[in-house]
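Coordinate inspection notes
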Amino acid sequence: MTGTRTTETPDAATPASVPTAAIILAGGRASRLDGTAKPLLEVGGRTLLDRAIAAVDGCDPIVVVGPPAPTRVRVAWTRETPEFGGPVAGIAAGLALVDTADVLLLAADLPNAEGAVALLRRHPPLSAGNDGKGGGADADGKDGKADAPSTTGNDGKGGEDDADSTNGGHGIDGVCLVDASGRMQWLVGRYRTDALRSAAAALPDGGRNASLRSLLARLRISAIPAGDLATDVDTWDDLERARAAAPMLPRDGAPDEETT
């Protein structure tokens, strides 16, 4: 990766806004959960998918990449080609429906999705002052949690580099969260759409079975420490911990809309 910097958690809401879409990755085989449809697991009375959708409220469009399922609000559905082609193929499929300057990228396995996205929203818009255009990008961990691409002093954990972390969203192509273990969570991020699209277009086979490392290798990404807000659900033990920590929301009956 061209460079990774660590920034302090912002204290205020984003001072300016640009059109922002959201891509939620809700496919995958969930092998460590015995093939269970992970996005449909409930935490605190809501599915992980509905938590992800609620987190990106206000984005337009909200694209969900995965098998259609009941949701509380209407979203745009698409699938990677072929199915189970990996997260990069899913991102490429989602980008085909996006034309905004910035895009939020979110995995559908985050019990604290709303808090996580709130941190990303507070970061200055990446495309501000850049006419909505992203920086140049082209282009292994195929589950969305790969170690960082090789960079000077970067071992996959958030750390300082020689970039100025005080210049807001300018000069970088994306920002992602760092979890409590220090791992950068690429699928909890905000990116310049054009930079991400260029990176995906440079990969063979539409990104099929490509790693996130290969997709993001040349992008300049800033890291925001997020602690447990960036923790995901990969195992049954993860799910039990998430359920124990989450308050139970009142159930309001069937989903408002079923999008299939």
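So, here is what we can say about the structure in this document.

As a further point, take the packing of helix H1 (residues 48-55) against helix H3 (residues 113-122). H3 packs onto H1 with a crossing angle of 25 degrees between their chain directions and a minimal axis gap of 8 Å. In this view, H1 runs roughly parallel relative to H3, as classed from their interaxial angle. Crossing of H1 against H3: the hand is right-handed. Residues Arg-51, Ala-52, Ala-54 and Ala-55 of H1 form the contact with H3, whose own contacting residues are Ala-113, Glu-114, Val-117 and Arg-121. Across the contact of H1 with H3, the residue classes break down as five nonpolar, no polar and three charged.

With that out of the way, let us pick up the side chain of Thr-47. Inspection of the secondary structure assignment puts Thr-47 in strand E4 (residues 46-47). A relative accessible area of 14% places Thr-47 in the buried class.

Moving on: the pairing of strand E9 (residues 174-179). For E9, the tally of buried residues reaches six of six residues, placing the bulk of the element in the interior. Bridge count for E9 against strand E10 (residues 184-192) is five bridges, and the pairing is antiparallel. Paired with Gly-174 across the bridge in E10 is Tyr-191. Linking E9 to E10, which pair antiparallel, is a turn of four residues; within it Gly-182 sits at a positive phi near 95 degrees. The pairing of E9 with strand E11 (residues 220-227) spans six bridges and is parallel.

Within this structure, the stated rule accounts for zero aromatic pairs. The residue whose ring lies beneath Arg-79 is Phe-84, and the NZ or CZ to ring-centre distance is 5.8 Å.

Criteria and thresholds
- Residues numbered from 1 in each chain as written.
- Predicted model: local features only at pLDDT ≥ 70, side-chain atom pairs only at ≥ 80, totals over all residues.
- Heavy atoms only, no water.
- Axes fitted to C-alpha atoms, helices over the stretch in contact; angles between N-to-C directions.
- Helix = DSSP H or I, 4+ residues; strand = E, 2+ residues; numbered from the N terminus.
- Parallel < 35°, antiparallel > 145°, perpendicular 65-115°, else oblique.
- Left-handed = near helix turned anticlockwise from the far one by under 90°.
- Contact = heavy atoms within 4.5 Å.
- Nonpolar A, V, L, I, M, F, W, Y, C, P; charged D, E, K, R; others polar.
- Buried < 20%, exposed > 50% of the residue type's maximum accessible area, 1.4 Å probe, protein only.
- Pairing = 2+ DSSP bridges.
- Phe/Tyr/Trp six-rings, centres within 6.5 Å; stacked < 30°, edge-to-face > 60°.
- Lys NZ or Arg CZ within 6 Å of the ring centre and 35° of its normal.

Keep in mind these values describe shape, not function.
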